[in-house]
Amino acid sequence: MKSFMKIFVFPILIVALIGCTNSETKPFDPNDLKRVDVLIAEENIGDTTTIMEAEKLKALKEVFANIVWQENVKAQMARKEDVKATLFFKTEQNSPERLVEYFIWFNENDVSTTIIDRENNSYGTLSTEDTKILKDMLLNY
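Just so it is clear, the structure is predicted and the values come from calculations on it, not from any experiment. (Residues numbered from 1 in each chain as written. Predicted model: local features only at pLDDT ≥ 70, side-chain atom pairs only at ≥ 80, totals over all residues. Heavy atoms only, no water.)

J.: Hey, could you run me through the packing of helix α2 (residues 54-65) against helix α3 (residues 128-139) in this one?
T.: Packed helices, taken two at a time, are described by their axes: the angle between them and the distance between them. Contact geometry of α2 with α3 gives a least axis separation of 10 Å together with a crossing angle of 140 degrees. When the interaxial angle is binned, α2 and α3 end up oblique. Read as a crossing pair, α2 and α3 show a hand that is left-handed. Touching K56, A59, L60, V63 and F64 of α2 are D130, I133, L134, M137 and L138, all from α3. Considering only residue class, the contact of α2 with α3 consists of eight nonpolar, no polar and two charged. (Axes fitted to C-alpha atoms, helices over the stretch in contact; angles between N-to-C directions. Helix = DSSP H or I, 4+ residues; strand = E, 2+ residues; numbered from the N terminus. Parallel < 35°, antiparallel > 145°, perpendicular 65-115°, else oblique. Left-handed = near helix turned anticlockwise from the far one by under 90°. Contact = heavy atoms within 4.5 Å. Nonpolar A, V, L, I, M, F, W, Y, C, P; charged D, E, K, R; others polar.)

Printed below as a string of structure tokens:
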């Protein structure tokens, strides 16, 4: 009986485990954004603000869709981020929300924004118009 287990059951278990793992993360559709938690770094008090209103999420979805990403970049900034935004995406009916953290720096005179997604080693930028919208949405909530 033990040899039967080794020969037939063990390989089946290995195949099942390999088939159930999915190491590839698919990119997120901004339309799947359900919530944004905002932590303003300069306050250092640990309080987060949650954005869940449909109108505000719609504006944020449009801004996040316009980010120009540079992939596989290990970016470092000279100062601490202005905002840490945690984006909550709902991708499938029976799966938990997927979280993505963006570290955001607003540059002088609202000319541009630098966004780093450390999980994917990505560095993103926004246009001046989108920078103003994002800054207003996240800092003046």
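J.: What am I meant to see in unusual backbone geometry here?
T.: What you tend to see is this: most non-glycine residues have negative phi, and most peptide bonds are trans. A positive phi angle, close to 55 degrees, is found at N72, a residue other than glycine. Along the chain, N72 turns up in the loop between β3 (68-70) and β4 (83-89). By relative accessible area, N72 is classed as exposed at 68%. Even without a glycine there, the phi angle at N121 is positive, about 50 degrees. Following the sequence through the fold, N121 ends up in the loop between β6 (113-117) and β7 (122-126). N121 sits in the partly exposed class, given a relative accessible area of 33%. (Buried < 20%, exposed > 50% of the residue type's maximum accessible area, 1.4 Å probe, protein only.)

It is worth stressing that arrangement in space is one thing and function is another; only the former is reported here.
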